[in-house]
Amino acid sequence: MKIKKLGILSFAVILSLLIFLPNLSFAQKEVKIGVILPLSGPLAPIGKSLKDGAELAADIVNKKYPGIGIPIADWEGIPGLGGAKIKLVFSDSRGDPAWGAEQAKRLIEDEKVVGLLGAYNSAVTKTASVEAERAGIPFVNPDSTSPDLSKRGFKWFWRVTPHETWFTRDLFDFLDGLVAGKAPGIKAVPKSELEPLAVAAENTEWGAASLTEIEKFAKERGWKIAEAFKYPHKATDLTSEARKLTASKAPTYLFASYIADAVLFVKAMKEMKATPRLIWGQNAGFIQPDFWKTLGADVNGIASRDVFSSVLGKVKPEADRINKIYKERSGFDFDGSSARDFIGVQVWAHALDKAKSTDPKALQKALNELNISGKELIMPWKGVKFGSPFPGDTNQNELGSGIIIQYQGYPDGKPEIVFPFEMATSKLIYPFAGWK
Amino acid sequence: MKKKSGSCLLTAEVFFRKRDEMELVVQLIVYGVLMGLIFALIALGLSLIFGVMNIVNFAHGEFLMVGMYIAYLLSASLHLDPLFSLPIAGLAGYLLGVGSYRLLVHHILRGPMVAQLFGTFGLMLFLRYLAMYIFTPDVRSVKQGILVGKTLSMGWISVDASKVFSAGICILAFAAVYWMIYRTKLGRALRATSIDSEAAKYMGIDTKGMNAFAWGIGGATVALAGALLAHFYYVTPTVGMLFTLIAFATVALGGFGSIVGAFIAGIVIGLIMVVSGQLVSELKFSFIYIVYFLVVVFRPRGLFGW
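Here goes a summary of the coordinates provided. All values derive from a computational prediction rather than experimental measurement.

1. A word on the interface of chain A and chain B
- With 32 residues of chain A in contact, the opposing surface of chain B contributes 38 residues.
- Across the chain A/chain B interface, buried area totals approximately 3,100 Å², and carbon plus sulfur atoms make up 52% of it.
- Joining chain A to chain B, the criterion identifies three salt bridges.
- The closest approach of N and O atoms between A:Glu271 and B:Lys163, which form a salt bridge, is 2.9 Å.
- Within the residue set of the side of chain A that touches chain B, elements represented by two or more residues are α2 (44-62), β7 (225-231), α9 (239-247), α10 (259-271) and α11 (289-295) of chain A.
- Ranked by residue count, the leading element in the side of chain A that touches chain B is α10(A), at seven residues.
- Here the side of chain A that touches chain B is built from residues that sort into 13 nonpolar, six polar and 13 charged.

See below:
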């Protein structure tokens, strides 16, 4: 009897070993995350920096990086999955919504990824995340800022970055702060010196959303707008648009443009000897390394909203250490885009660790309950925790925030933080000195 | 007295508003013509190749990109003023044109029409992605040069000095090509080939040589335009794409094969672009294609085509 019992028991043990062995060997395996980015076409320079950011984060999760000071640097793979390595499977969206959705489908069905990350262009994120929602696979979006994306009530979509609404609010907090004399080292600026505003936005979903947000906040906060228009992106020539800005006689120019158009706008404004007092770019083209590499000293005094600056290291030493490694690998400092894709992979790593499984339901729960402290992030954020910070938002990180940088001292300068005022790394250059 | 000063103010206000408007109009015309001349020079080669051989060169924009990279590379690596790169780009463009004809186009001419279309389309993709491989997709620009970043101010109009210089070179290039085609024996042979290739062959004209020559001139002019454009425009492997569509519209508007047509149509398109950019920027390309569409419907051979 006893022997029989022992036999059954040992049989059960062997059987369970057989069943669980594949899972044990899984410990040495990889977890595939599909990453959709614009890796070709006009957005390819941005796509490349995003890829570099995501790859560095995966490397830091997979290998030990002593002395960095954030938990994932001490990991060797995902601890909750027995040290499984993160493998990023990149796919080129070409910046095309239909093609991006196709890639999401392919990654889910053929590559069998456990989740998705991407896709930078809001329009691509919109279509690609529909595929993830349909398949019940988590889609983590670290880098698209169109406010609508988190207002669709999706159950499988989490947005890590603050969206346009935040950044636009930051802009008006900045403008109101200048008027109130809150900017360190600058006397209170009379509102009449900054008003009215002139806005140029590219005619894409992102550009249009930026423009709407600016108009909304301007109305709420009582700022007059003299001129606001959309222009065809990837334009061959923007002189007439720049002329429109100078003709408006507005002292403050606001832009929502990608790199090629941002370069053309600055060149055209310089050509026209435009004399605005303040120039602010809505991230994107205005914070690309190519922007200052192409324009050199002509970027001095231009401000842009951002989510990251390499001078952040003055306040956050971890960010500085990670940036050094990134620069060694890619030749550039982190920018707001690449740093956010770094965080995107970090969010995935924590979610996988917390879920202790690659089952979609478990991952969904882990993401919903995720709470990463701001200390672990290379961003000026309070952390990552998904909720509903603005009306209608679901699964939107509540703890994010933006900054405003200003190019100072180029070609050898740095983008200095000028907002939030309490985090300023340098005195704001005001008014804009014009181009020589 | 009081009334008088009031009316003075009013007149002054009207005067200044009028002046503002006048300034705007003059500035737009200047910017439109300057940009239009570049468009015209870009379209010239496309029109010429089509006129002589009835073949559309889809890789035309990529020839432009090659010219831009030549200016960029000479400036970035040898610190050569981009002005010196003009003849080098022109020569390289000529060789690229002749090479494309001898190695590719000449062979695919034997195939059906579709093969000819895909042949130059393939060349376009090849050049574009070769550039992407060599130079990465980064956006670059020429930073140093006598004219780079300099502005010319004439009263209240200020324009990029390199645009003015480019416009001058465009006019010279047009004059040279026009003279060559209508005033020289070589040009007469080229025109004969374009009108009736078979008959020209019987008359002892080396039509293959003429075809290659047309491709050479086409390549040279567009690469020259590229080196000029690099003075004030950014350089990236996909930059040709933006200008190819405009070049097609320019050629169709001016008339396929017409040199004068390409010249006028380039300026017209430059003007449409700045004016519509001022009115409804979002629709500025639509305006160009509406004009193009109207011309195609009401005058299919274009403004100056035969």
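2. As for the pairing of strand β10 (residues 303-306) of chain A
Residues and elements named next belong to chain A.
- Here β10 shows no split at all, with Ala-303 and Arg-305 on one side and Ser-304 and Asp-306 on the other all buried.
- As paired elements, strand β9 (residues 278-281) and β10 share two bridges and run parallel to each other. Opposite Gly-281, over in β10, you have Ser-304 as the bridge partner.
- Between β9 and its parallel partner β10, the chain crosses via α11, and the hand of that crossover is right-handed.
- Where β10 and strand β15 (residues 403-408) come together, four bridges link them in antiparallel fashion. Paired with Ala-303 across the bridge in β15 is Gln-406.

3. Here's the deal with the layout of surface pockets
- The volume enclosed by the largest pocket comes to roughly 790 Å³.
- Contributing to the lining of the largest pocket are 33 residues, with A:Pro42, A:Arg94, A:His233, A:Lys234 and B:Met241 lying nearest its centre.
- Going through the elements one at a time, α5 (122-135), α8 (205-221) and α10 of chain A together with α4 (113-135), α9 (239-254) and α11 (284-298) of chain B are the ones with two or more residues in the lining of the largest pocket.
- Ranked by the residues each element gives to the lining of the largest pocket, the list is headed by α9(B), at four residues.
- Considering only residue class, the lining of the largest pocket consists of 17 nonpolar, 10 polar and six charged.
- Around the second largest pocket sit 26 residues that line it, and A:Arg243, A:Thr246, A:Ala247, A:Lys249 and B:Glu23 are the ones nearest its centre.
- When residues in the lining of the second largest pocket are grouped by element, the largest group, five residues, is from helix α1 (residues 2-53) of chain B.
- Of the residues that constitute the lining of the second largest pocket, the class distribution is nine nonpolar, eight polar and nine charged.

About the criteria used
- Residues numbered from 1 in each chain as written.
- Chains lettered and ligands numbered in written order.
- Predicted model: local features only at pLDDT ≥ 70, side-chain atom pairs only at ≥ 80, totals over all residues.
- Heavy atoms only, no water.
- Contact = heavy atoms within 4.5 Å.
- Buried area = accessible area lost by both parts, 1.4 Å probe.
- Salt bridge = Lys/Arg side-chain N within 4 Å of Asp/Glu carboxyl O.
- Helix = DSSP H or I, 4+ residues; strand = E, 2+ residues; numbered from the N terminus.
- Nonpolar A, V, L, I, M, F, W, Y, C, P; charged D, E, K, R; others polar.
- Buried < 20%, exposed > 50% of the residue type's maximum accessible area, 1.4 Å probe, protein only.
- Pairing = 2+ DSSP bridges.
- Right-handed = clockwise from strand over helix to strand, strands pointing away.
- 1 Å grid on protein atoms, 1.4 Å probe; cavity = no way out; pocket = protein on both sides within 12 Å on 5 of 7 lines; lining within 4 Å.
- Points joined across faces, edges and corners; volume = space filled by probe spheres on them.

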